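# Working through the structure, step by step
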Amino acid sequence: MKTILVTGGAGFIGSHVIRNLVQKHPEYRVINLDNLTYAGNLENLEDIKDQSNYQFVKGDIVDASFLSELFDTHTIDGVIHLAAESHVDRSIESPMDFINTNIIGTVNLLNACRTAWKDQLEGKLFYHISTDEVYGSLGKEGLFTEETAYDPRSPYSASKASSDHLVRAYHHTYGLPVVLSNCSNNYGPNQFPEKLIPLAIHNIIHMKPIPIYGKGENIRDWLFVKDHADAIELIFHKGETGRTYNIGGINEWTNIDLIRLLCRIMDQKLERREGTSESLITYVKDRAGHDMRYAIDSSRISDELGWSPSLTFEVGLEKTVDWYLENQQWMERVTSGAYQSYYQKQYEER
Ligand code: NAD
Ligand code: DAU
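Computed from a prediction, not measured in an experiment: that's the story for all the values here.

## Some points on the site of ligand 2
- Near ligand 2 there are 23 residues, and of these D132, Y156, R287, H290 and Y347 occur at the shortest range.
- Within the side chain of Y156, one N or O atom sits 2.6 Å away from an oxygen atom of ligand 2.
- One of the backbone N or O atoms of L196 is found 2.8 Å from an oxygen atom in ligand 2.
- Here the shell around ligand 2 takes three residues from strand β8 (residues 210-213), the largest share from any one element.
- Per-class residue counts for the shell around ligand 2 are nine nonpolar, eight polar and six charged.

## Observations concerning unusual backbone geometry
- Its identity is not glycine, yet M207 carries a phi of approximately 55 degrees, on the positive side.
- One can find M207 in the loop between α6 (196-205) and β8.
- Phi at E271 is positive, roughly 50 degrees, even though this residue is not glycine.
- As for its placement among the helices and strands, E271 is situated in the loop between α8 (255-269) and β12 (281-284).
- Exposure remark for E271: the relative accessible area of 73% places this residue in the exposed category.

## Focus on the site of ligand 1
- Around ligand 1 sit 28 residues in total, of which I13, D34, S86, Y156 and K160 are the nearest.
- G11 places a polar main-chain atom, nitrogen or oxygen, 3.0 Å from an oxygen atom of ligand 1.
- The contact in question runs from an oxygen atom of ligand 1 to an N or O atom on the backbone of T37, over 3.0 Å.
- Among the elements of the structure, α1 (12-24), β5 (125-131), α5 (155-174) and β7 (185-187) are those that each provide at least two residues to the shell around ligand 1.

## A closer look at the pairing of strand β6 (residues 178-183)
- Counting buried residues along β6, six of its six residues qualify, which places the element largely inside the surrounding structure.
- Residues of β6 alternate between two faces, with V178, L180 and N182 on one and V179, S181 and C183 on the opposite face, all of them buried.
- Summarising the sheet, β5 and β6 pair through six bridges and their orientation is parallel. Each residue of the ladder has a partner; that of H128, found in β6, is L180.
- At this point the chain moves from β5, through α5, to the parallel β6, and the crossover so formed is right-handed.
- Relative to strand β10 (residues 244-247), β6 is paired through four bridges, and the arrangement is parallel. Its bridge partner being in β10, S181 is matched across the sheet by Y245.

## Re empty space enclosed by the protein
- The tally for this structure, following the rule as stated, stands at one cavity of 30 Å³ or more.
- Space inside the largest cavity adds up to approximately 60 Å³.
- Taken together, V88, I92, E133, S154, R220, R287, A288, G289, H290, D291 and Y294 form the lining of the largest cavity.
- Taken together, the residues that form the lining of the largest cavity break down as four nonpolar, three polar and four charged.

## Some details on α6
- With nine of ten residues buried, α6 lies mostly within the body of the structure.
- Taken as a whole, α6 has its buried residues at I197, P198, L199, A200, I201, H202, N203, I204 and I205.
- Within two residues after α6, M207 carries a phi angle of roughly 55 degrees, on the positive side.

## Some words on the sheet that holds β10
- Read from one edge to the other, the open sheet built from seven strands follows the order β3-β2-β1-β4-β5-β6-β10, with strand pairing classed as parallel. At either margin of the open sheet sits one strand with a lone partner, and together these are β3 (54-58) and β10. Direction aside, the axes of adjacent strands within the sheet are offset by 20 degrees on average.
- Taken together, the five bridges between strand β2 (residues 28-34) and β3 define a ladder with parallel strand orientation. Among the inter-strand pairings, L33 is bridged to a residue of β3, identified as V57.
- Those strands touched by helix α4 (residues 95-116) are β1 (2-7), β4 (78-81) and β5, and its axis lies near 165 degrees from that of β5.
- The sheet contacts of α5 involve β5, β6 and β10, and relative to β5 the element is tilted by about 155 degrees.

## Here's the deal with the environment of K238
- With respect to the helices, strands and loops of the structure, K238 is situated in helix α7 (residues 225-238).
- The exposure class assigned to K238 is exposed, which follows from its relative accessible area of 59%.

## Focus: helix α2 (residues 64-73)
- Those residues of α2 not exposed but buried are F66, L67, L70 and F71. Projection of α2 onto a plane perpendicular to its axis shows the buried side chains occupying an angular sector of 130 degrees, all on one side. Opposite the buried face of α2, by more than 90 degrees, sit the exposed residues S65, E69, D72 and T73.
- At its buried positions, α2 is contacted by β1, β2, β3, β4 and α4.

Thresholds applied
Residues numbered from 1 in each chain as written. Chains lettered and ligands numbered in written order. Predicted model: local features only at pLDDT ≥ 70, side-chain atom pairs only at ≥ 80, totals over all residues. Heavy atoms only, no water. Near = heavy atom within 4 Å. Polar contact = N/O pair within 3.5 Å; in protein donor to acceptor, adjacent residues only side chain to side chain. Helix = DSSP H or I, 4+ residues; strand = E, 2+ residues; numbered from the N terminus. Nonpolar A, V, L, I, M, F, W, Y, C, P; charged D, E, K, R; others polar. Buried < 20%, exposed > 50% of the residue type's maximum accessible area, 1.4 Å probe, protein only. Pairing = 2+ DSSP bridges. Right-handed = clockwise from strand over helix to strand, strands pointing away. 1 Å grid on protein atoms, 1.4 Å probe; cavity = no way out; pocket = protein on both sides within 12 Å on 5 of 7 lines; lining within 4 Å. Points joined across faces, edges and corners; volume = space filled by probe spheres on them. Axes fitted to C-alpha atoms, helices over the stretch in contact; angles between N-to-C directions. Contact = heavy atoms within 4.5 Å. Arc of directions from axis to C-beta.

Right under this line is the structure:
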């Protein structure tokens, strides 16, 4: 039985990755290592928490001695590393949290793998989950390929770029078996409502303003989270060691068009008069250093591994809205307490 360590498994994407592995691979023992920051929520895994091939361990990847004990206690065959500070706005306010978790935490994990796997690299794999933001910002034309030069422009993306470089450096220098993927914006169930789509859903439900940074013309390439989790499972099993795969939705939207579509869906679901949600749109001060456009060329993963997104945006967004409407208690719980002061600080002066 192989033991797979998934870091950040109580977060948004990590919880979907864990569910996939636990349900589809009874031959794996899946350990979820998560520090349960504000973004980590074990409620996301309530349905699989008692499965015999799943175990949760609370711990901080910044703590090297904790990691070394963990690797001594368990024979770990593979790591899927998602744990990170993930929100750009928070990185602008508090960059050091990002440097510590995203850079130091990643290098601690790489060191733990090097030590644990020093006599036997065969059958081992360190899979690093990264972002398209490392490539910087696009103009009107072009797509990010795996060859695009790195040009990170926020503390978040710079910390992720740094971790990507370290992962590749450990492969080239020490022969550590690694694989990487860089994905575009995810959306779907269980996303913390600091990110655009769940924040807007939350505000629409409560008839609060929907804050749009700048003119709302920035473009993102959106992918349903379960499609990302499937791509991760595929790359973990079939990806070539040392290789990077870009993952994207082939689904570019300006923020304002996306929010208008969301407003239409919400009006229908909430049986409100057409235009009710749109009236909540409020243009606010732009994000500092706001990247204009991200868009991914996913032809490598599509040609080599046969992956492509399974849902249209309209269907994925409707599924997402349904999930949030059916899980309003989840939303209420994560937005009570610390969220309130975050929200005030982030939006009240904009
Ligand atoms: P998230 O913020 O929802 O979850 C992050 C998880 O990591 C949380 O459960 C948190 O408790 C845990 N964590 C944070 N610091 C930790 C630490 N020091 N030790 C242990 N656990 C810690 O993030 P997400 O949106 O699910 O993103 C997961 C990964 O995917 C990140 O590496 C992110 O950079 C990458 N990514 C995200 C997106 C996206 O659109 N959300 C797109 C591409 C790549
Ligand atoms: O591209 C992948 C990245 O996507 C991931 O690496 C990050 O972890 C993830 O957070 C996401 O980053 P973005 O900054 O693109 O996502 P966010 O949801 O914060 O913002 C999406 C767009 O919406 C962006 O152009 C900023 C804008 N925005 C965001 C918020 C929170 C608003 O206009 N208003 C808002 O209130």
